[in-house]
Amino acid sequence: MTSEHRALIERIRSSALVVRRAVETTPPGRFGVAPRAGEWSALETLTHLRDVVVFVYGLRIRRLFYEAAPVFVDFDEESYRAAGLARGEAITDLLDTIAAEHEQLARLLQSLPDADWARQGRHPQFGVMSIEFLALRVGEHAEEHAAQVTEAARAR
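Computed from a predicted model, the values in this text were never measured in an experiment. (Residues numbered from 1 in each chain as written. Predicted model: local features only at pLDDT ≥ 70, side-chain atom pairs only at ≥ 80, totals over all residues. Heavy atoms only, no water.)

Peer 1: I tried to follow unusual backbone geometry on my own but got confused; where do I start?
Peer 2: Trans is the common state for peptide bonds, and a negative phi is the common state for residues other than glycine. Despite not being glycine, A69 shows a phi value in the positive range, around 50°. Note on placement: A69 falls in the loop between α2 (42-66) and α3 (77-87). (Helix = DSSP H or I, 4+ residues; strand = E, 2+ residues; numbered from the N terminus.)

Peer 1: How should the pairing of strand β1 (residues 120-123) be read in this particular structure?
Peer 2: Remember that side chains alternate between the two faces of the sheet whenever the strand is regular. Of the two faces of β1, only the one carrying G121 and H123 is buried; Q120 and R122 on the other face are not. Inspection of the sheet shows β1 paired to strand β2 (residues 127-130) by 4 bridges, in the antiparallel sense. Pairing of H123 across the sheet is with G127, part of β2. Between β1 and β2, which pair antiparallel and follow one another directly, the connecting turn spans 3 residues. (Buried < 20%, exposed > 50% of the residue type's maximum accessible area, 1.4 Å probe, protein only. Pairing = 2+ DSSP bridges.)

Peer 1: Before we go on, may I ask you to explain the side chain of S130 in this structure?
Peer 2: Tracing the backbone shows S130 in strand β2. When its relative accessible area of 13% is taken as the criterion, S130 is described as buried. Within the local environment of S130, its side chain forms a polar contact with the backbone nitrogen of F133, the two atoms lying 3.0 Å apart. Not counting the four nearest positions on each side in its chain, S130 is found in contact with L64, W117, A118, R119 and Q120. (Polar contact = N/O pair within 3.5 Å; in protein donor to acceptor, adjacent residues only side chain to side chain. Contact = heavy atoms within 4.5 Å.)

Peer 1: Looking at this structure, I do not really get the nonpolar core. What am I missing?
Peer 2: Soluble globular proteins tend to bury their nonpolar side chains together. Membership of the largest hydrophobic core comes to 22 residues, with the highest contact counts inside it found for I61, F65, L109, W117, I131 and V138. In terms of residue count, the dominant contributor to this core is α2 (7 residues). Those residues in contact with L109 that lie beyond four places of it in its chain are M1, I9, I12, I61, F65, W117, I131 and A135. Counting residues in each nonpolar core, the second largest holds 14 residues, with A22, V23, I98 and A152 among its members. (Core = buried A, V, L, I, M, F, W, Y, C linked by side-chain atoms within 4.5 Å.)

Now the structure itself:
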């Protein structure tokens with residue numbers, strides 16, 4: 001395994017910890033409060049992160065393991081997020097799902113031969129996506145949203 005691939009796997013694992021810290025340092029009463037008009041609350045952000053890591057990045061990476069050149073479909077994130085919020089999912093459940101998916105993806109990627117990191121699928125709108133690109137986005141996306149959870153927690 002290349003050092004770059006090891007770094008991507010480590011980032012996936014460490015970004016889950018960054019999200020956990022952001023959530024654990026957020027007072028429970030702040031989860032439903034948006035930082036500014038038109039922005040997501042910490043709860044909306046966490047729900048979005050769970051949905052995207054599982055149904056976008058996780059699913060696409062898995063498809064690239066088992067399919068040759070898959071075509072990725074759009075994901076109706078807005079509807080999933082709204083449904084999750086309507087169900088009143090517990091913050092701990094959202095966080096546990098995010099952390100578990102990150103760990104599963106990290107373990108899956110550890111088994112991947114270096115040449116297979118370049119395997120690609122295509123999204124009609126967003127173009128070509130490789131396993132390597134998707135693995136990078138898992139960590140980046142989690143870190144971006146951990147910062148947004150923290151910002152929503154500080155909002156007045």
